[in-house]
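Spelled out from the first residue to the last, the chains are:
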Amino acid sequence: MGEQNHHSTEQDLIQNRIDKMARIRGRGDEPFKYTFGRSCSIDGARAAFEQAEAQTDDPGQIDVRATLAGRMIAFRGHGKSSFADIRDASGSIQVYFNKKGLGQDAYDALHDLDIGDFIGVSGKIKRTRMGEITVFADSCTVLAKSLRALPEKYHGLTDIETRYRQRYLDLVANPEVLDTFRKRVAMIGAIRGWLTDRGFLEVETPMLQPIPGGAAARPFVTHHNAYDCSLYLRVAPELYLKRLIVGGFEKVFELNRNFRNEGVDAKHNPEFTMLELYEAYQDYLGLMDETEELLLHVIRTCVGGTVFSYQGDTIDAAPPWKRMTLFGAIREFAGIDLEQINDRNEAAKLAQEAGVEVEPAMGYGKIVDEVMAEKVQPNLVQPTFLYDYPVELSPLAKQKRGNPALTERYQVFIGRLELCNAFSELNDPIDQRERFMAQMKLREQGDEEAQRLDEDYLHALEVGMPPTAGLGIGIDRLAMLLTDSASIREVVLFPLLRTV
RNA sequence: GGACGGGUAGCUCAGGUGGUAGAGCAUCGGACUUUUAAUCCGGUGGCCGCGGGUUCGAGUCCCGCCCCGUUCACCA
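Residues numbered from 1 in each chain as written. Chains lettered and ligands numbered in written order. Predicted model: local features only at pLDDT ≥ 70, side-chain atom pairs only at ≥ 80, totals over all residues. Heavy atoms only, no water.

**Some points on the side chain of glutamine 94**
Relative to the elements of secondary structure, glutamine 94 occurs in strand β3 (residues 92–98). The buried category is assigned to glutamine 94, whose relative accessible area is 10%. Within the local environment of glutamine 94, its side chain forms a polar contact with the side chain of arginine 76, the two groups lying 2.8 Å apart. Once residues lying within four places of it in the same chain are set aside, the contact partners of glutamine 94 are Arg76, Phe83, Ala84, Asp85, Thr128, Glu132, Ile133, Thr134 and Val135. (Helix = DSSP H or I, 4+ residues; strand = E, 2+ residues; numbered from the N terminus. Buried < 20%, exposed > 50% of the residue type's maximum accessible area, 1.4 Å probe, protein only. Polar contact = N/O pair within 3.5 Å; in protein donor to acceptor, adjacent residues only side chain to side chain. Contact = heavy atoms within 4.5 Å.)

**With respect to the sheet that holds strand β4 (residues 118–127)**
Ordered by their spatial adjacency, five strands build a closed barrel running β1-β2-β3-β5-β4, and the pairing between neighbours is mixed. Going across the sheet, the axis of each strand differs from the next one's by a mean of 55 degrees, ignoring polarity. Bridge count for strand β2 (residues 81–87) against β3 is seven bridges, and the pairing is antiparallel. Residue alanine 84 lies in a different strand from β3, and its bridge partner there is valine 95. (Pairing = 2+ DSSP bridges. Axes fitted to C-alpha atoms, helices over the stretch in contact; angles between N-to-C directions.)

**A closer look at the confidence of the model for chain A**
Confidence in the prediction for chain A averages 94 pLDDT; 99% of positions are at 70 or higher. Contacts from residues 1–5, a stretch scored under 50 in pLDDT, to residues over four places away or in other chains number six contacts. The ipTM value of the predicted complex is 0.92, and its pTM value is 0.93. (pLDDT = per-residue confidence, 0-100.)

**Observations concerning the packing of helix α11 (residues 344–353) against helix α12 (residues 364–376)**
With their axes 9 Å apart at the nearest point, α11 and α12 run at an angle of 20 degrees to one another. One element, α11, and the other, α12, form an angle in the roughly parallel class. Handedness of the α11/α12 crossing: left-handed. Residue-level inspection shows Arg344, Ala347, Ala348 and Ala351 of α11 in contact with α12, the latter providing Tyr364, Ile367 and Val371. Grouping the constituent residues of the contact of α11 with α12 by class yields six nonpolar, no polar and one charged. (Parallel < 35°, antiparallel > 145°, perpendicular 65-115°, else oblique. Left-handed = near helix turned anticlockwise from the far one by under 90°. Nonpolar A, V, L, I, M, F, W, Y, C, P; charged D, E, K, R; others polar.)

**Thoughts on the sheet that holds strand β8 (residues 221–224)**
An order of β7-β9-β8 is seen for the three strands of this open sheet, with the pairing classed as antiparallel. Taken across any chain shown, the strands that pair with only one partner, and hence form the sheet edges, are β7 (208–209) and β8. Pairing of β8 with strand β9 (residues 229–233), which is carried by four bridges, proceeds in the antiparallel orientation. Within the sheet, the bridge partner assigned to histidine 223 lies in β9 and is serine 230.

**So, helix α8 (residues 238–247)**
Each α-helix turn comprises 3.6 residues. Residues three or four places apart therefore point the same way. Buried residues dominate α8, accounting for eight of its 10 residues. For α8, the set of buried residues is Glu238, Leu239, Tyr240, Leu241, Lys242, Arg243, Ile245 and Val246. Among the structural elements, β7, β10 (251–259), β11 (271–280), β18 (417–424), α14 (455–463) and β19 (468–474) are those in contact with the buried residues of α8.

**A word on unusual backbone geometry**
Residue proline 320 follows proline 319 across a cis peptide bond; omega there is 0 degrees. Structurally, proline 320 can be placed in the loop between β13 (313–316) and β14 (322–325). Residue aspartate 228 is not a glycine yet carries a positive backbone phi of 45 degrees. Tracing the chain through its elements places aspartate 228 in the loop between β8 and β9. Take aspartate 228: its relative accessible area is 59%, and that puts it in the exposed class. Located in the positive-phi region is glutamine 311, a residue other than glycine, with phi close to 50 degrees.

**Some points on the pairing of β4**
The pairing of strand β1 (residues 65–77) with β4 spans seven bridges and is antiparallel. Paired with leucine 68 across the strands is valine 121, a residue of β4. One ladder, built from 10 bridges, connects β4 with strand β5 (residues 133–144); its direction is antiparallel. If you follow isoleucine 119 over to β5, its bridge partner there is valine 142. Hairpin connection, β4 to β5: the antiparallel pair is bridged by five residues, and glycine 131 has positive phi, about 90 degrees.

**Thoughts on the state of the cysteines**
Here the structure, examined in full by the defined rule, presents zero disulfides. Between cysteine 302, a free cysteine, and cysteine 420, which holds the nearest cysteine sulfur, the sulfur-to-sulfur gap is 14 Å. (Disulfide = S-S within 2.5 Å.)

**Some words on the packing of α8 against α14**
Relative orientation of the contacting elements α8 and α14 amounts to 25 degrees, with a least axis distance of 9 Å. In terms of orientation, α8 and α14 fall into the roughly parallel class. Of the two possible hands of crossing, α8 and α14 adopt the one that is left-handed. Between α8 and α14, the residues in contact are Leu239, Lys242, Arg243 and Val246 and Asp456, Tyr457, Ala460 and Val463, respectively.

This is the structure we're talking about:
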């Protein structure tokens, strides 16, 4: 009730709600309660009512009461009676208020509620004439006042920038966003469960590293004051995890954040989540089987089967998945054979004939990689393993048995997304030192992403690492795939945006 | 970094050729005891992304800048 307020700028909308808070306090009530005893969740109440309904033919006999809490997301006033919808994490339910149930004073106090407020209600659950399961409230209390208007009920919040910058609004206004992130949580849980069941131990290795290694990427640099030294945010945990294999761990994994100081687009966020696992006495062929098993387990858990759609494509992940050599795939999709070519210029010529642009700075390995990305990857909708990559592209992978130009490495693609990278780990310290030297040379030639020589890592290999296979899975991309999201920003709660 | 698209009320969006900024929802007041995008009547609400310029007059035209998106470049 109270004074007239004819304004409605944003500040006025807020002031209006502050005034309502004051009126609530004026009645001796507290607009920000400390606790509230719910009898159950909203979905729980709904289920209890439906169960009671199923056990009787006479609706009048049903006597289910509930005390529920949630955010009021809609309010429809009708004078002497009113309807509200409240929502908690489990779901939403309609609440009916009238003077008879609440009493005059409590009914009048509804005027000081706003959409967005958290409220607690209790009452008997019944169906309305329209069949809607409804709490007929005999009490209602404000639990936390909301001072700002929620986005519009019908269109929701669609402005992408606001959705990412103020994710809390996105989550409130767009329930399907909450679902997406719940799926991500379930996916990660499925991965951890599968690995733990098979004896993999989850470990944590440094995020702050003196030498950023394990991937070809530019790092973020920071400074440690007490030691007065530069440190880098890790681009990968790989070299530390393999040190653990040297030390005697046989099955380890780490599922955590990596940081790469690179551009942002629909498939890249500067911080992203990666699973890396290492298994001693295993090679890439055995790990391929395990990768398929793990991903199948995750897909079945998250989509309830093997068939799902991604960005308009129907994907059937029923095993066995297609396996092609990288060069075989290039033959099939680009129509050129780069396998027997070891001359950089000849490879460049063939690539250009296939319609792939080649820069003068690109070496043989880079050309192969480019042909793969341009001509092969766009065809890899169904789950596909590509294996046996050129040694130039894979400085941490073991040479292929019988062909030193290749490494025992594979990648997994689904829905045109590159999801996994794995190989038989290079454990020959002499070979590894030569690979590092080749990388150093690239670095001197201006390749900022070439890997750096890590003397302690070589020392570890010299101590001796058992035969080992390692796998990396891009968790964000897997989440994109399983939630049918076109952009990585849809599966990262707070994606990086420019600070304004 | 380049190209293209976008930025107008709290939210969702309209605003030919330059001429007093609009709608729906939300909000405020009124009516209404079974609505569910409730309905009906009446009202409030604007740095039109920011800064220059052209013009009698700019949301609209020109220049610069900021932010977002798509794409290319770059990139596991």
